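The lines below spell out each chain.
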Amino acid sequence: MSQKTVREARVKRHRRVRARVSGSTERPRVSVFRSNRGIYAQLIDDVRGATVVAARSQEVDTSGLDKTAVAKKVGQLLGERARAAGIERVVFDRAGYLYHGRVKALAEGAREAGLVF
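Quantities reported herein were computed from a predicted structural model and do not represent experimental measurements.

1. Some details on the packing of helix 2 (residues 67-84) against helix 3 (residues 102-112)
Pairs of packed helices are described in terms of their axes, by the angle between the two and the distance that separates them.
Line of reasoning, step 1. Look at helix 2 against helix 3: their axes get within 7 Å of each other, and the N-to-C directions meet at 35°. The crossing of helix 2 and helix 3 is right-handed. Of the residues in helix 3, those touching helix 2 at Lys67, Thr68, Ala71, Lys72, Val74, Gly75, Gln76 and Gly79 are Arg102, Ala105, Leu106, Gly109, Ala110 and Glu112.
Line of reasoning, step 2. Of the residues contributing to the contact of helix 2 with helix 3, the split by class is five nonpolar, five polar and four charged.

Below, the structure is given as structure tokens:
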């Protein structure tokens, strides 16, 4: 029996999550990607197969902030852009990441900006 890498384990969890979570035109999916340097989030309409709104850590002012605070700002930016596009209700896809730390901060930032999930 061979050991899984961290990435392989995350991808396996992501497949499990995606089996249950799907975005629609009325309620797009918030997909999160976390790297060591940045965090990215996008609203995806799985029916059309299109990205509706996106935000990333390179678009916010990160001076003097830790990664968790940056993630919260990215969530707020995503929420603001979603509201501007007329979207209020979404489903959250944590992409196999555990719901804590930066992923949780991004979700809380999006909620503060008015997204409901």
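Okay, back to it.
2. Thoughts on helix 2
Helical geometry: 3.6 residues make up each α-helical turn, so side chains three or four residues apart lie on a common side.
Line of reasoning, step 1. With 18 residues, helix 2 extends 26 Å between its outermost C-alpha atoms, agreeing within 8% with the 26 Å of an ideal straight helix rising 1.5 Å per residue.
Line of reasoning, step 2. Looking at helix 2, one finds that the buried residues are Val70, Ala71, Val74, Gly75, Leu77, Leu78, Gly79 and Ala82.
Line of reasoning, step 3. Directly after helix 2, the chain includes Gly86, whose backbone phi takes a positive value near 85°.

What counts, and where the lines are drawn
- Every chain's residues receive numbers from 1 upward, in the order its sequence appears when written.
- Whole-chain, interface and lining totals are the exception, using all residues; otherwise, since this is a predicted model, local features are given only for residues with pLDDT of at least 70 and side-chain atom pairs are given and counted only at 80 or more.
- The side-chain quantities take in all heavy atoms of the structure and omit both hydrogens and water.
- Angular values range over 0 to 180 degrees, each being the angle between N-to-C directions of two axes fitted as lines to C-alpha atoms, with helices fitted over their stretch in contact.
- Under the DSSP-based scheme used, a helix requires at least four consecutive residues in state H or I and a strand at least two consecutive residues in state E, with every element numbered from the N terminus.
- In this scheme, a crossing is called left-handed if the near helix is turned counterclockwise away from the far one by less than a right angle; it is called right-handed if the turn is clockwise.
- By definition, residues are in contact when any of their heavy atoms lie within 4.5 Å.
- Each residue gets one of three labels, nonpolar for Ala, Val, Leu, Ile, Met, Phe, Trp, Tyr, Cys and Pro, charged for Asp, Glu, Lys and Arg, and polar for the others, Gly among them.
- To estimate how far a helix should reach, multiply one less than its number of residues by 1.5 Å.
- Using a 1.4 Å probe on the protein chains alone, a residue whose accessible area is under 20% of its type maximum counts as buried, one over 50% counts as exposed, and one in between counts as partly exposed.

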